[in-house]
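Residue-level structure breakdown
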Amino acid sequence: MPPVEQPPEIETVPVALGERSYEIAITNAGLGAFVPTLHTWLTRRGSRPDGRLAVVVTDDHVRDRYAVPVTEALRQAGWKCEIVALPPGEQTKSHEFVSQLYDRLVEFKADRQTVIVAVGGGVIGDLAGFVAATYARGLPFVQVPTTLLAQVDSSVGGKVGINHPRGKNLIGAFHQPLGVFIDTSLLETLPIRDYRSGLAEVIKYGVILDEAFFAYLEQNVAALNQRSPVVMRQIVARSCQLKAQVVEQDEYERSGLRAVLNYGHTFAHAFETLCGYGALLHGEAVAIGMVYASRLAEGLGRTDAVTTARQVAILRAVGLPVELPQSSRPAAEAILDAMRLDKKSAAGQLRFILPTKLGHVELVPVAEPDVRAALENAD
Ligand code: NAD
Ligand code: GLY
(Lines give C-alpha, C1' and ligand atoms only; values in the text may rest on other atoms or scores of the structure.)
(Ligands and ions follow the chains in the order given, each with its own letter.)
Protein backbone atom coordinates (compact mmCIF):
# COMPACT_ATOMS: atom_id res chain seq x y z
CA MET A 1 0.00 0.00 0.00
CA PRO A 2 1.62 3.33 -1.00
CA PRO A 3 1.75 5.81 1.91
CA VAL A 4 -0.65 8.74 1.77
CA GLU A 5 1.19 12.02 1.14
CA GLN A 6 0.70 14.07 4.25
CA PRO A 7 1.76 17.53 5.36
CA PRO A 8 5.02 17.24 7.33
CA GLU A 9 3.34 17.80 10.68
CA ILE A 10 1.35 14.58 10.22
CA GLU A 11 3.02 11.28 10.97
CA THR A 12 1.38 8.05 9.89
CA VAL A 13 1.37 4.60 11.39
CA PRO A 14 0.25 1.93 8.91
CA VAL A 15 -2.00 -0.95 9.92
CA ALA A 16 -1.34 -3.63 7.28
CA LEU A 17 -4.35 -5.94 7.01
CA GLY A 18 -4.57 -6.75 3.30
CA GLU A 19 -7.68 -5.20 1.78
CA ARG A 20 -8.66 -3.85 5.22
CA SER A 21 -5.37 -1.92 5.59
CA TYR A 22 -5.54 1.67 6.79
CA GLU A 23 -3.49 4.43 8.30
CA ILE A 24 -3.40 6.16 11.64
CA ALA A 25 -2.65 9.84 10.96
CA ILE A 26 -1.16 11.61 14.00
CA THR A 27 -0.84 15.39 14.31
CA ASN A 28 -0.97 18.01 17.02
CA ALA A 29 -1.87 20.82 14.63
CA GLY A 30 -5.67 20.71 14.91
CA LEU A 31 -8.47 19.01 13.01
CA GLY A 32 -8.00 21.13 9.86
CA ALA A 33 -6.28 18.31 7.98
CA PHE A 34 -9.02 15.78 8.76
CA VAL A 35 -11.19 16.23 5.64
CA PRO A 36 -8.27 16.32 3.14
CA THR A 37 -6.87 13.20 4.81
CA LEU A 38 -10.25 11.44 4.59
CA HIS A 39 -10.48 12.37 0.91
CA THR A 40 -7.06 10.90 0.27
CA TRP A 41 -8.09 7.66 2.02
CA LEU A 42 -11.27 7.46 -0.07
CA THR A 43 -9.54 8.29 -3.34
CA ARG A 44 -6.99 5.59 -2.74
CA ARG A 45 -9.86 3.11 -2.42
CA GLY A 46 -11.27 4.31 -5.74
CA SER A 47 -14.12 6.07 -3.99
CA ARG A 48 -15.36 9.68 -4.35
CA PRO A 49 -16.64 11.92 -1.57
CA ASP A 50 -18.93 14.09 -3.74
CA GLY A 51 -22.41 14.46 -2.34
CA ARG A 52 -22.10 11.46 -0.03
CA LEU A 53 -23.69 11.36 3.38
CA ALA A 54 -21.50 11.42 6.49
CA VAL A 55 -23.03 10.85 9.92
CA VAL A 56 -20.87 12.28 12.69
CA VAL A 57 -21.51 10.43 15.96
CA THR A 58 -20.31 12.16 19.10
CA ASP A 59 -21.23 12.85 22.73
CA ASP A 60 -22.58 15.99 24.37
CA HIS A 61 -19.23 16.91 25.97
CA VAL A 62 -17.27 17.14 22.72
CA ARG A 63 -20.07 17.98 20.28
CA ASP A 64 -19.60 21.76 20.08
CA ARG A 65 -15.83 21.90 20.46
CA TYR A 66 -14.79 19.09 18.09
CA ALA A 67 -17.71 17.40 16.29
CA VAL A 68 -19.37 20.58 14.99
CA PRO A 69 -16.15 21.85 13.32
CA VAL A 70 -15.68 18.42 11.72
CA THR A 71 -19.30 18.50 10.47
CA GLU A 72 -18.88 22.02 9.06
CA ALA A 73 -15.63 21.11 7.32
CA LEU A 74 -17.31 18.07 5.74
CA ARG A 75 -20.23 20.21 4.51
CA GLN A 76 -17.84 22.80 3.05
CA ALA A 77 -16.11 19.99 1.19
CA GLY A 78 -19.38 18.91 -0.46
CA TRP A 79 -20.64 16.23 1.92
CA LYS A 80 -24.19 15.96 3.16
CA CYS A 81 -23.57 15.73 6.87
CA GLU A 82 -25.72 14.92 9.91
CA ILE A 83 -24.61 14.97 13.52
CA VAL A 84 -25.88 12.72 16.31
CA ALA A 85 -24.80 13.54 19.87
CA LEU A 86 -25.34 10.91 22.57
CA PRO A 87 -25.07 11.28 26.34
CA PRO A 88 -21.45 10.97 27.56
CA GLY A 89 -20.35 7.99 29.64
CA GLU A 90 -20.04 4.23 29.77
CA GLN A 91 -23.78 3.65 30.19
CA THR A 92 -24.29 4.88 26.62
CA LYS A 93 -22.47 1.78 25.33
CA SER A 94 -25.76 -0.13 25.42
CA HIS A 95 -28.45 -1.63 23.18
CA GLU A 96 -30.69 1.35 23.91
CA PHE A 97 -28.35 3.83 22.22
CA VAL A 98 -27.42 1.45 19.41
CA SER A 99 -31.14 1.26 18.66
CA GLN A 100 -31.47 5.05 18.76
CA LEU A 101 -28.61 5.39 16.30
CA TYR A 102 -30.14 2.80 13.93
CA ASP A 103 -33.37 4.87 14.02
CA ARG A 104 -31.47 8.03 13.06
CA LEU A 105 -29.72 6.24 10.18
CA VAL A 106 -33.10 5.06 8.86
CA GLU A 107 -34.38 8.64 9.18
CA PHE A 108 -31.33 9.94 7.25
CA LYS A 109 -31.83 7.23 4.57
CA ALA A 110 -28.27 6.03 5.11
CA ASP A 111 -26.97 3.56 2.55
CA ARG A 112 -23.77 1.61 2.07
CA GLN A 113 -22.03 4.74 0.75
CA THR A 114 -22.71 6.56 4.03
CA VAL A 115 -19.60 7.12 6.14
CA ILE A 116 -19.90 7.03 9.93
CA VAL A 117 -17.45 9.42 11.61
CA ALA A 118 -16.89 8.75 15.32
CA VAL A 119 -15.71 11.91 17.10
CA GLY A 120 -15.21 11.15 20.79
CA GLY A 121 -13.72 8.74 23.28
CA GLY A 122 -13.80 4.96 23.39
CA VAL A 123 -17.50 4.86 24.23
CA ILE A 124 -18.45 6.71 21.04
CA GLY A 125 -15.87 4.85 18.90
CA ASP A 126 -16.98 1.42 20.15
CA LEU A 127 -20.70 2.17 19.78
CA ALA A 128 -20.55 4.02 16.44
CA GLY A 129 -18.22 1.34 15.11
CA PHE A 130 -20.65 -1.39 16.18
CA VAL A 131 -23.50 0.39 14.43
CA ALA A 132 -21.27 0.80 11.35
CA ALA A 133 -20.45 -2.92 11.46
CA THR A 134 -24.08 -4.00 11.59
CA TYR A 135 -26.25 -1.39 9.81
CA ALA A 136 -27.00 -2.58 6.26
CA ARG A 137 -24.42 -5.35 6.94
CA GLY A 138 -21.62 -2.84 7.17
CA LEU A 139 -20.89 0.84 6.54
CA PRO A 140 -17.45 2.43 6.19
CA PHE A 141 -16.38 4.33 9.29
CA VAL A 142 -13.64 6.64 10.43
CA GLN A 143 -12.33 7.24 13.92
CA VAL A 144 -11.47 10.71 15.25
CA PRO A 145 -10.54 9.78 18.83
CA THR A 146 -10.59 12.63 21.35
CA THR A 147 -9.45 10.89 24.57
CA LEU A 148 -6.01 9.52 25.33
CA LEU A 149 -7.49 6.06 25.82
CA ALA A 150 -9.16 6.17 22.42
CA GLN A 151 -6.04 7.58 20.71
CA VAL A 152 -3.75 4.87 22.06
CA ASP A 153 -6.08 1.89 22.08
CA SER A 154 -9.77 1.76 21.27
CA SER A 155 -9.73 3.54 17.89
CA VAL A 156 -7.15 1.12 16.47
CA GLY A 157 -7.71 -2.53 15.63
CA GLY A 158 -11.38 -2.76 14.73
CA LYS A 159 -12.87 -4.11 17.96
CA VAL A 160 -16.27 -2.47 18.23
CA GLY A 161 -19.11 -3.25 20.59
CA ILE A 162 -21.30 -2.54 23.53
CA ASN A 163 -21.79 -3.82 27.08
CA HIS A 164 -24.33 -6.39 28.28
CA PRO A 165 -25.68 -5.68 31.78
CA ARG A 166 -23.83 -8.81 32.97
CA GLY A 167 -20.70 -8.55 30.87
CA LYS A 168 -18.47 -5.73 29.68
CA ASN A 169 -17.97 -5.56 25.86
CA LEU A 170 -19.88 -8.83 25.48
CA ILE A 171 -21.71 -7.85 22.29
CA GLY A 172 -19.47 -6.81 19.42
CA ALA A 173 -17.76 -7.33 16.11
CA PHE A 174 -14.47 -6.81 14.31
CA HIS A 175 -14.88 -3.93 11.86
CA GLN A 176 -11.79 -2.03 10.77
CA PRO A 177 -12.07 1.72 10.13
CA LEU A 178 -11.14 3.42 6.84
CA GLY A 179 -8.61 5.36 8.86
CA VAL A 180 -7.91 6.92 12.26
CA PHE A 181 -7.23 10.66 12.53
CA ILE A 182 -5.57 11.62 15.82
CA ASP A 183 -4.93 15.17 17.00
CA THR A 184 -3.05 15.00 20.30
CA SER A 185 -3.73 18.70 21.02
CA LEU A 186 -7.35 17.69 21.82
CA LEU A 187 -6.02 16.05 24.99
CA GLU A 188 -5.53 19.50 26.55
CA THR A 189 -9.26 19.72 27.32
CA LEU A 190 -9.61 16.19 28.72
CA PRO A 191 -10.61 16.06 32.41
CA ILE A 192 -7.75 14.82 34.58
CA ARG A 193 -9.48 11.58 35.58
CA ASP A 194 -10.10 10.64 31.93
CA TYR A 195 -6.55 11.60 31.00
CA ARG A 196 -5.13 9.33 33.71
CA SER A 197 -7.46 6.56 32.60
CA GLY A 198 -5.76 6.66 29.17
CA LEU A 199 -2.32 6.53 30.79
CA ALA A 200 -3.21 3.10 32.21
CA GLU A 201 -3.41 1.68 28.66
CA VAL A 202 -0.14 3.43 27.73
CA ILE A 203 1.62 1.85 30.72
CA LYS A 204 0.04 -1.48 29.76
CA TYR A 205 1.93 -1.43 26.42
CA GLY A 206 5.22 -1.07 28.25
CA VAL A 207 4.45 -4.02 30.52
CA ILE A 208 3.26 -6.36 27.80
CA LEU A 209 5.55 -5.55 24.88
CA ASP A 210 8.28 -2.99 25.42
CA GLU A 211 10.45 -2.69 28.52
CA ALA A 212 12.34 0.29 27.03
CA PHE A 213 9.02 2.14 26.57
CA PHE A 214 8.11 1.31 30.19
CA ALA A 215 11.45 2.79 31.32
CA TYR A 216 10.83 5.89 29.14
CA LEU A 217 7.49 6.37 30.91
CA GLU A 218 9.16 6.00 34.32
CA GLN A 219 11.73 8.63 33.34
CA ASN A 220 9.09 11.05 32.05
CA VAL A 221 6.49 10.98 34.82
CA ALA A 222 6.64 14.76 35.32
CA ALA A 223 6.14 15.42 31.60
CA LEU A 224 3.29 12.88 31.53
CA ASN A 225 1.60 14.62 34.42
CA GLN A 226 2.02 18.00 32.69
CA ARG A 227 0.72 16.60 29.35
CA SER A 228 3.84 17.82 27.56
CA PRO A 229 2.91 18.08 23.83
CA VAL A 230 6.16 16.36 22.79
CA VAL A 231 5.65 13.47 25.17
CA MET A 232 1.96 13.19 24.16
CA ARG A 233 2.95 12.77 20.49
CA GLN A 234 5.58 10.19 21.42
CA ILE A 235 3.41 8.05 23.67
CA VAL A 236 0.48 8.11 21.24
CA ALA A 237 2.69 7.20 18.26
CA ARG A 238 4.54 4.41 20.13
CA SER A 239 1.32 2.95 21.53
CA CYS A 240 -0.28 2.97 18.06
CA GLN A 241 2.79 1.28 16.55
CA LEU A 242 2.73 -1.44 19.20
CA LYS A 243 -1.00 -2.02 18.85
CA ALA A 244 -0.78 -2.07 15.03
CA GLN A 245 2.00 -4.70 15.16
CA VAL A 246 -0.12 -6.98 17.34
CA VAL A 247 -3.32 -6.50 15.32
CA GLU A 248 -1.47 -7.14 12.04
CA GLN A 249 -0.38 -10.55 13.36
CA ASP A 250 -3.65 -11.64 14.97
CA GLU A 251 -6.51 -9.46 13.74
CA TYR A 252 -9.27 -11.76 15.02
CA GLU A 253 -7.60 -12.80 18.29
CA ARG A 254 -7.21 -16.40 17.16
CA SER A 255 -3.56 -17.20 17.87
CA GLY A 256 -3.51 -15.80 21.40
CA LEU A 257 -1.16 -12.94 20.45
CA ARG A 258 -3.81 -10.20 20.38
CA ALA A 259 -5.02 -11.41 23.76
CA VAL A 260 -1.88 -9.84 25.31
CA LEU A 261 -3.58 -6.46 24.82
CA ASN A 262 -6.03 -7.66 27.44
CA TYR A 263 -3.47 -7.61 30.25
CA GLY A 264 -5.29 -6.66 33.47
CA HIS A 265 -8.63 -6.75 31.66
CA THR A 266 -10.04 -10.03 33.05
CA PHE A 267 -10.02 -8.41 36.47
CA ALA A 268 -10.92 -4.98 35.08
CA HIS A 269 -14.00 -6.09 33.13
CA ALA A 270 -15.34 -7.95 36.17
CA PHE A 271 -14.75 -4.88 38.40
CA GLU A 272 -16.44 -2.54 35.87
CA THR A 273 -19.47 -4.83 35.52
CA LEU A 274 -19.89 -5.39 39.27
CA CYS A 275 -19.22 -1.81 40.40
CA GLY A 276 -21.76 -0.50 37.82
CA TYR A 277 -20.69 0.82 34.40
CA GLY A 278 -19.01 4.20 34.79
CA ALA A 279 -18.31 3.98 38.55
CA LEU A 280 -14.73 3.00 37.80
CA LEU A 281 -13.35 4.41 34.54
CA HIS A 282 -12.05 1.73 32.19
CA GLY A 283 -8.41 2.75 32.64
CA GLU A 284 -8.81 2.89 36.43
CA ALA A 285 -10.16 -0.66 36.39
CA VAL A 286 -7.28 -1.71 34.09
CA ALA A 287 -4.71 -0.13 36.45
CA ILE A 288 -6.09 -2.10 39.40
CA GLY A 289 -6.47 -5.19 37.20
CA MET A 290 -2.81 -5.05 36.12
CA VAL A 291 -1.71 -5.04 39.75
CA TYR A 292 -3.96 -8.02 40.56
CA ALA A 293 -2.68 -9.88 37.48
CA SER A 294 0.94 -9.19 38.37
CA ARG A 295 0.36 -10.38 41.96
CA LEU A 296 -1.38 -13.48 40.60
CA ALA A 297 1.72 -14.12 38.43
CA GLU A 298 3.91 -13.68 41.52
CA GLY A 299 1.76 -16.13 43.49
CA LEU A 300 2.17 -18.69 40.70
CA GLY A 301 5.94 -18.17 40.69
CA ARG A 302 5.86 -16.71 37.16
CA THR A 303 7.32 -13.28 37.97
CA ASP A 304 9.13 -11.46 40.76
CA ALA A 305 8.08 -8.78 43.23
CA VAL A 306 10.07 -6.06 41.42
CA THR A 307 7.94 -6.45 38.30
CA THR A 308 4.82 -5.72 40.34
CA ALA A 309 6.47 -2.98 42.41
CA ARG A 310 7.56 -1.01 39.32
CA GLN A 311 4.03 -1.13 37.92
CA VAL A 312 2.53 -0.03 41.24
CA ALA A 313 5.05 2.82 41.48
CA ILE A 314 4.38 4.30 38.04
CA LEU A 315 0.61 3.85 38.29
CA ARG A 316 0.64 5.71 41.62
CA ALA A 317 2.99 8.39 40.23
CA VAL A 318 0.51 9.31 37.51
CA GLY A 319 -2.39 9.31 39.97
CA LEU A 320 -4.05 6.00 39.10
CA PRO A 321 -5.61 3.67 41.69
CA VAL A 322 -3.84 0.37 42.40
CA GLU A 323 -6.49 -1.27 44.55
CA LEU A 324 -10.26 -1.44 44.74
CA PRO A 325 -11.78 0.86 47.34
CA GLN A 326 -12.81 -1.25 50.39
CA SER A 327 -16.27 0.32 50.35
CA SER A 328 -17.14 -0.93 46.86
CA ARG A 329 -15.15 -4.16 46.74
CA PRO A 330 -17.27 -6.98 45.30
CA ALA A 331 -17.07 -10.43 46.92
CA ALA A 332 -14.49 -12.81 45.43
CA GLU A 333 -17.25 -15.23 44.33
CA ALA A 334 -19.07 -12.47 42.44
CA ILE A 335 -15.83 -11.46 40.70
CA LEU A 336 -15.14 -15.08 39.71
CA ASP A 337 -18.68 -15.41 38.37
CA ALA A 338 -18.26 -12.29 36.20
CA MET A 339 -14.86 -13.57 35.02
CA ARG A 340 -16.45 -16.79 33.73
CA LEU A 341 -17.96 -14.65 30.91
CA ASP A 342 -14.47 -13.48 29.88
CA LYS A 343 -13.86 -13.98 26.16
CA LYS A 344 -10.43 -15.54 26.79
CA SER A 345 -11.97 -18.46 28.71
CA ALA A 346 -11.54 -21.76 26.91
CA ALA A 347 -13.40 -25.01 27.71
CA GLY A 348 -14.70 -23.46 30.92
CA GLN A 349 -11.21 -22.57 32.19
CA LEU A 350 -10.20 -19.02 33.04
CA ARG A 351 -7.13 -17.74 31.20
CA PHE A 352 -5.11 -14.69 32.18
CA ILE A 353 -2.42 -12.58 30.58
CA LEU A 354 0.41 -12.75 33.11
CA PRO A 355 3.80 -11.03 33.06
CA THR A 356 7.05 -12.95 33.34
CA LYS A 357 9.06 -9.70 33.34
CA LEU A 358 8.47 -6.14 32.16
CA GLY A 359 7.99 -6.25 28.40
CA HIS A 360 6.83 -9.87 28.26
CA VAL A 361 3.51 -11.55 29.07
CA GLU A 362 1.94 -14.96 28.42
CA LEU A 363 -1.60 -16.33 28.13
CA VAL A 364 -1.95 -18.79 31.01
CA PRO A 365 -4.82 -21.06 32.17
CA VAL A 366 -5.29 -20.48 35.92
CA ALA A 367 -7.26 -22.68 38.34
CA GLU A 368 -10.08 -20.88 40.14
CA PRO A 369 -8.67 -21.53 43.66
CA ASP A 370 -5.52 -19.62 42.63
CA VAL A 371 -7.61 -16.69 41.36
CA ARG A 372 -9.73 -16.76 44.53
CA ALA A 373 -6.54 -16.67 46.63
CA ALA A 374 -5.26 -13.65 44.67
CA LEU A 375 -8.58 -11.86 45.22
CA GLU A 376 -8.76 -12.70 48.91
CA ASN A 377 -5.11 -11.80 49.62
CA ALA A 378 -5.35 -8.44 47.86
CA ASP A 379 -4.51 -6.31 50.91
P1 NAD B 1 -15.29 7.99 27.14
O2 NAD B 1 -15.56 7.77 25.72
O3 NAD B 1 -16.42 7.81 28.10
O4 NAD B 1 -14.66 9.44 27.32
C5 NAD B 1 -14.35 9.91 28.61
C6 NAD B 1 -14.96 11.27 28.88
O7 NAD B 1 -14.17 12.26 28.25
C8 NAD B 1 -16.37 11.48 28.36
O9 NAD B 1 -17.10 12.21 29.33
C10 NAD B 1 -16.18 12.32 27.11
O11 NAD B 1 -17.29 13.10 26.82
C12 NAD B 1 -15.00 13.17 27.52
N13 NAD B 1 -14.15 13.65 26.44
C14 NAD B 1 -13.75 12.99 25.35
N15 NAD B 1 -12.80 13.68 24.70
C16 NAD B 1 -12.64 14.85 25.35
C17 NAD B 1 -11.81 15.98 25.17
N18 NAD B 1 -10.88 16.01 24.21
N19 NAD B 1 -11.95 17.01 26.02
C20 NAD B 1 -12.85 16.96 27.05
N21 NAD B 1 -13.63 15.90 27.31
C22 NAD B 1 -13.52 14.84 26.46
O23 NAD B 1 -14.15 7.01 27.69
P24 NAD B 1 -12.77 6.51 27.10
O25 NAD B 1 -11.89 6.37 28.27
O26 NAD B 1 -12.32 7.28 25.94
O27 NAD B 1 -13.14 5.05 26.54
C28 NAD B 1 -13.54 4.03 27.39
C29 NAD B 1 -14.19 2.93 26.59
O30 NAD B 1 -13.27 2.42 25.63
C31 NAD B 1 -14.63 1.76 27.42
O32 NAD B 1 -15.96 1.43 27.10
C33 NAD B 1 -13.70 0.64 26.99
O34 NAD B 1 -14.31 -0.63 27.09
C35 NAD B 1 -13.42 1.01 25.58
N36 NAD B 1 -12.20 0.41 25.02
C37 NAD B 1 -12.29 -0.20 23.82
C38 NAD B 1 -11.16 -0.75 23.24
C39 NAD B 1 -11.23 -1.37 21.86
O40 NAD B 1 -10.28 -2.00 21.43
N41 NAD B 1 -12.33 -1.19 21.15
C42 NAD B 1 -9.92 -0.67 23.89
C43 NAD B 1 -9.86 -0.03 25.12
C44 NAD B 1 -11.01 0.51 25.69
N1 GLY C 1 -8.14 -3.50 23.48
C2 GLY C 1 -7.84 -4.86 23.17
C3 GLY C 1 -7.79 -5.16 21.71
O4 GLY C 1 -7.96 -4.29 20.90
O5 GLY C 1 -7.59 -6.29 21.36
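Note that the structure is a prediction, hence the values are computed from the model and not measured. (Residues numbered from 1 in each chain as written. Chains lettered and ligands numbered in written order. Predicted model: local features only at pLDDT ≥ 70, side-chain atom pairs only at ≥ 80, totals over all residues. Heavy atoms only, no water.)

**Here's the deal with the site of ligand 1**
Around ligand 1, 27 residues are found, and the nearest of them are Asp 59, Gly 122, Thr 146, Thr 147 and Thr 189. Between Thr 146 and ligand 1, the recorded distance is 2.7 Å, taken from a side-chain N or O atom to a nitrogen atom. Contacts to ligand 1 include Thr 189, whose side-chain N or O atom sits 2.7 Å from a nitrogen atom. Computed on the free molecule, ligand 1 has an accessible area of 880 Å², of which 91% lies beneath the protein chains in the complex. At the level of elements, α4 (122-134), α5 (148-154), β8 (167-174) and α6 (192-209) are the ones that each hand at least two residues to the shell around ligand 1. In the shell around ligand 1, the residues fall into eight nonpolar, nine polar and 10 charged. (Near = heavy atom within 4 Å. Polar contact = N/O pair within 3.5 Å; in protein donor to acceptor, adjacent residues only side chain to side chain. Areas by Shrake-Rupley, 256 points an atom, 1.4 Å probe, with all protein chains shown as cover. Helix = DSSP H or I, 4+ residues; strand = E, 2+ residues; numbered from the N terminus. Nonpolar A, V, L, I, M, F, W, Y, C, P; charged D, E, K, R; others polar.)

**Focus on the site of ligand 2**
Taken together, Asp 153, Lys 159, Lys 243, Glu 253, Arg 258 and Leu 261 make up the full set of residues adjacent to ligand 2. In the environment of ligand 2, an oxygen atom lies 2.9 Å from a nitrogen or oxygen atom belonging to the side chain of Lys 159. Arg 258 is positioned with one of its side-chain polar atoms (N or O) 2.7 Å from an oxygen atom of ligand 2. Alone, ligand 2 offers 200 Å² of accessible surface; in the complex the protein occludes 89% of this.

**Let's talk about the nonpolar core**
Among the nonpolar cores identified, the biggest contains 80 residues, and Leu 148, Ile 235 and Phe 267 are the most heavily contacted of them. Core analysis: the next-biggest nonpolar cluster, separate from the first, contains 27 residues, Leu 42, Val 56, Val 70 and Leu 186 among them. (Core = buried A, V, L, I, M, F, W, Y, C linked by side-chain atoms within 4.5 Å. Buried < 20%, exposed > 50% of the residue type's maximum accessible area, 1.4 Å probe, protein only.)

**What to know about the pairing of strand β4 (residues 80-86)**
The pairing of strand β3 (residues 53-59) with β4 spans seven bridges and is parallel. Pairing of Asp 59 across the sheet is with Leu 86, part of β4. After leaving β3, the chain enters helix α2 (residues 63-76) and then returns to the sheet as β4, a path that is right-handed. (Pairing = 2+ DSSP bridges. Right-handed = clockwise from strand over helix to strand, strands pointing away.)

**What about the layout of surface pockets?**
Its boundaries defined by the atoms lining it, the second largest pocket holds a volume of some 230 Å³. When its residues are assigned to classes, the lining of the second largest pocket shows eight nonpolar, three polar and five charged. (1 Å grid on protein atoms, 1.4 Å probe; cavity = no way out; pocket = protein on both sides within 12 Å on 5 of 7 lines; lining within 4 Å. Points joined across faces, edges and corners; volume = space filled by probe spheres on them.)

**Some thoughts on empty space enclosed by the protein**
In this approach the atoms are scanned with a rolling probe the size of a water molecule, which exposes any empty space left behind. Scanning all chains against the criterion turns up one cavity of 30 Å³ or more. Here the largest cavity defines a volume of roughly 100 Å³. Lining of the largest cavity is provided by 13 residues; of these, Lys 168, His 269, Ala 338, Leu 341 and Asp 342 occupy positions nearest its centre. Elements represented by at least two residues in the lining of the largest cavity include exactly β8, α10 (265-275) and α13 (332-339). At four residues, α10 tops the list of elements feeding residues into the lining of the largest cavity. Across the lining of the largest cavity, the residue classes break down as five nonpolar, four polar and four charged.

**Things to note about the environment of Thr 134**
Position of Thr 134 among the secondary structure elements: in helix α4. Its relative accessible area of 33% is what places Thr 134 among the partly exposed residues. For the pair Thr 134 and Gly 172, spaced 38 residues apart in sequence, the C-alpha to C-alpha distance is 9.5 Å. Polar contacts involving the side chain of Thr 134 include one to the main-chain carbonyl oxygen of Phe 130, which spans 2.7 Å.

**Structural notes on the packing of α13 against helix α14 (residues 368-376)**
With their axes 10 Å apart at the nearest point, α13 and α14 run at an angle of 130° to one another. Relative to α14, the element α13 lies oblique. α13 and α14 meet at a crossing whose hand is right-handed. Of the residues in α14, those touching α13 at Ala 332, Glu 333, Ile 335, Leu 336 and Met 339 are Glu 368, Val 371, Arg 372, Leu 375 and Glu 376. Partitioned by chemical class, the residues of the contact of α13 with α14 number six nonpolar, no polar and four charged. (Axes fitted to C-alpha atoms, helices over the stretch in contact; angles between N-to-C directions. Parallel < 35°, antiparallel > 145°, perpendicular 65-115°, else oblique. Left-handed = near helix turned anticlockwise from the far one by under 90°. Contact = heavy atoms within 4.5 Å.)

**Quick notes on the sheet that holds β3**
Ordered by their spatial adjacency, seven strands build an open sheet running β1-β2-β9-β6-β5-β3-β4, and the pairing between neighbours is mixed. Lying at the two open borders of the sheet, with one neighbouring strand each, are β1 (11-15) and β4. Within this sheet the neighbouring strands show an average axis-to-axis angle of 15°, counted without direction. With respect to the sheet, helix α1 (residues 34-44) is in contact with β2 (22-27), β5 (115-120), β6 (141-145) and β9 (179-183), its orientation differing from that of β9 by roughly 165°. Along the sheet, α4 makes contact with β3, β4, β5 and β6, crossing β5 at roughly 165°.

**Quick look at unusual backbone geometry**
Positioned with a positive phi, Arg 227 is a non-glycine residue whose angle comes to about 55°. Its location among the elements puts Arg 227 in the loop between α8 (221-225) and α9 (229-249). Residue classification places Arg 227 among the buried positions, given a relative accessible area of 18%.

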